[in-house]
Amino acid sequence: MSGYVRHLAERARDAACRIARLDGDTRRRLIGNMADTLSHRRAEVLAANAEDMERGRANGLSEAVLDRLKLDDARIEAMAQGLREVAAQADPLGVVTRHDVRPNGVVVERQRIPLGLIAMIYEARPNVTADAAALCLKAGNAVLLRGGSEARASNAAIAACLHAALRAEGLPEAAVSLVADPAREHVLELLQLSDLIDLAIPRGGESLIRFVAEHARVPVIKHYKGVCHLYVDASADIAQALDLLVDGKASRPGVCNALETLLVHRDVAQEFLPRAVQRLAARGVEVRGCERTRAIVPQLREAGDGDYAAEYLDLVIAVRVVDDLDAALAHIARFGSDHTEVIATTDAQAAESFVRGTRSSAVMVNASSRFNDGGQLGLGAEIGISTTRLHAYGPMGAESLTIERFVVRGEGQVRHRESRG
């Protein structure tokens, strides 16, 4: 190992101690200034992103990856607004979640504190550079960022904006450290630093996440993929279900909360499927169906188990006609990835059965799968979506980057009193 990443992590660890001691107003002002700097220096960020986009096209990156990589004025402003929302949130640190007086008079509290140093390993999403920095700092942590080589110029330009805001507050730039060298050996080095890094969060394709999980000696929060389902119940409002389908699949197919499978109750399949295929075809979506689906819409390509297990991240969707809600839940239990499930229904009992019957990190009742996003759920931004059921589950905001500890307050109580003979 070169020691390059260890040096960065040592400096970031020292910076984490500084950040943890800051009061909430200072952290709020710092993140607000980061948002303003990002907005004011957008021309630099856009120029860097144009360089990444040109290189990505030359290297044959897919349209889905290029979409995740691309920045424009609207996306930069959305990034800055996300930072402002994080800044405005209540301070997660020092919050007392339990207060109990024991029979001996000892006061027992549970209090939120920072995790320490967070490592982010991500691909093709330059917005993660800003989002991760803001959320980590809000929770009193430092962050070590290792972005993908395809976004290296964009990540560096965004990090420069964040560093300017840190300098303006007299804080070390190492609080937001960027691994500038994209060599894969540095990821391996990072994942071994159990004495410095408190948590690693990979964000990207399944191969990246599995690589991190298999090589890490530090704790990892992850989700492997987003195989998200829409189940159209017998009682569904057909027009509403069609809107949920089109938004969930076609609005941005290359993201983890996009729909990959459509399940349709047999009682509405004859009415729903021809209209669904027509709406999807108009958006360029290829539809693959089971035997019962193809009996209604014969021109479709056959779908098999591989299709139902796939995270396409593309304009492709698999369809299955099911007998009832129980069959839909059985399909999800077999092929789902614990990410996002959606039911379209007007039957309140069916909705509650679906909510109780799925264990995914987010369940939507008559709402698009695309709402499983930290910004949409009121977190301001997200550092990732966890499906590991550890201390965080679903989109992770600032609070998910803290941990609870015990604080015990007494007046000299001891557990075992010695005799004073």
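This text follows the structure it describes.
Residues numbered from 1 in each chain as written. Predicted model: local features only at pLDDT ≥ 70, side-chain atom pairs only at ≥ 80, totals over all residues. Heavy atoms only, no water.

Along its length, the chain carries 15 helices and 16 strands. Taken over the C-alpha trace, the chain has a radius of gyration of 24 Å; the compact-globule value for 421 residues is 22 Å, and the two agree within 12%. By residue count, 53% of the 421 residues in the chain fall in the buried class. About 18200 Å² of surface is accessible on the chain, with carbon and sulfur atoms providing 47% of the total. One way to put it: in the chain the 52 positive side-chain charges average out to a point 4 Å from where the 57 negative ones average out. (Helix = DSSP H or I, 4+ residues; strand = E, 2+ residues; numbered from the N terminus. Rg over C-alpha atoms; globule rule 2.2 N^0.38 Å. Buried < 20%, exposed > 50% of the residue type's maximum accessible area, 1.4 Å probe, protein only. Areas by Shrake-Rupley, 256 points an atom, 1.4 Å probe, with all protein chains shown as cover. Lys, Arg positive; Asp, Glu negative; His and termini not counted. Charge placed at Lys NZ, Arg CZ, Asp CG, Glu CD.)

Here the focus is the layout of surface pockets. By volume, the second largest pocket is sized at about 270 Å³. Taken together, 15 residues form the lining of the second largest pocket, with R112, A398, E399, S400 and T402 sitting closest to its centre. If one sorts the elements of the lining of the second largest pocket by residue count, strand β16 (residues 402-409) sits on top with 3 residues. Looking at the lining of the second largest pocket residue by residue, the classes come out as 6 nonpolar, 5 polar and 4 charged. (1 Å grid on protein atoms, 1.4 Å probe; cavity = no way out; pocket = protein on both sides within 12 Å on 5 of 7 lines; lining within 4 Å. Points joined across faces, edges and corners; volume = space filled by probe spheres on them. Nonpolar A, V, L, I, M, F, W, Y, C, P; charged D, E, K, R; others polar.)

Right, let's talk about empty space enclosed by the protein for a bit. In this approach a probe as big as a water molecule rolls over the atoms, and the regions it shows empty are the leftover space. For the coordinates displayed, the defined rule picks out 1 cavity of 30 Å³ or more. By volume, the largest cavity is sized at about 50 Å³. What lines the largest cavity is I201, P202, R203, I221, K222, H223, G384, I385, S386 and M396. Listing elements by their share of the lining of the largest cavity, those giving two or more residues are β6 (199-203) and β14 (385-386).

Here the focus is the pattern of salt bridges. In this structure the tally under the stated criterion is 34 salt bridges. A salt bridge links E51 to R55, with the nearest nitrogen and oxygen atoms 3.8 Å apart. In this pair, E51 and R55 are both assigned in helix α3 (residues 42-58), 4 residues apart and thus about one turn of the helix distant. (Salt bridge = Lys/Arg side-chain N within 4 Å of Asp/Glu carboxyl O.)

This next bit is on the environment of A328. Looking at where A328 falls in the secondary structure, it is placed in helix α14 (residues 325-335). The buried category is assigned to A328, whose relative accessible area is 0%. Separated by 325 residues in sequence, A328 and G3 have C-alpha atoms that sit 51 Å apart. Each residue touching A328, except ones within four places of it in the same chain, is listed here: Y231, L263 and V322. (Contact = heavy atoms within 4.5 Å.)

Right, let's get into the side chain of H331. Looking at the secondary structure, you find H331 in helix α14. Those residues in contact with H331, other than ones at most four positions away along the chain, are H229, T261, L263, Y308, R320 and G336.

In spatial order, the strands read β1-β2-β16; together these 3 strands make up an open sheet with antiparallel pairing. Among the strands making up the open sheet, the edge pair consists of β1 (96-101) and β16. For this sheet, the mean angle separating the axes of adjacent strands, direction not counted, is 25 degrees. Bridge count for β1 against strand β2 (residues 107-114) is 5 bridges, and the pairing is antiparallel. Following the sheet pairing, V101 is matched in β2 by V107. (Pairing = 2+ DSSP bridges. Axes fitted to C-alpha atoms, helices over the stretch in contact; angles between N-to-C directions.)

Taken together, the 7 strands give an open sheet; going across it, the order is β10-β9-β11-β8-β7-β12-β13, and neighbouring strands pair in parallel fashion. In this open sheet, the two strands that pair with only one neighbour each are β10 (301-302) and β13 (362-365). Strand direction decides the pairing type here: strand β9 (residues 286-289) and strand β11 (residues 316-322), joined by 4 bridges, are parallel. Bridging across to β11, V287 finds its partner in I317. Against the sheet, helix α10 (residues 238-250) engages β7 (228-232), β8 (259-265), β11 and β12 (340-344), with an angle of about 160 degrees to β8. The sheet strands contacting α14 are β7, β8, β11 and β12, and the helix crosses β7 at an angle near 175 degrees.

A few words now on unusual backbone geometry. Here L313, not a glycine, exhibits a phi torsion of approximately 50 degrees, which is positive. Structurally, L313 can be placed in the loop between α13 (305-308) and β11.

What follows concerns the pairing of β6. The buried count for β6 comes to 5 of 5 residues, which makes it a mostly enclosed element. Where strand β3 (residues 117-122) meets β6, 5 bridges bridge the pair, whose relative direction is parallel. Each residue of the ladder has a partner; that of I118, found in β6, is L199.

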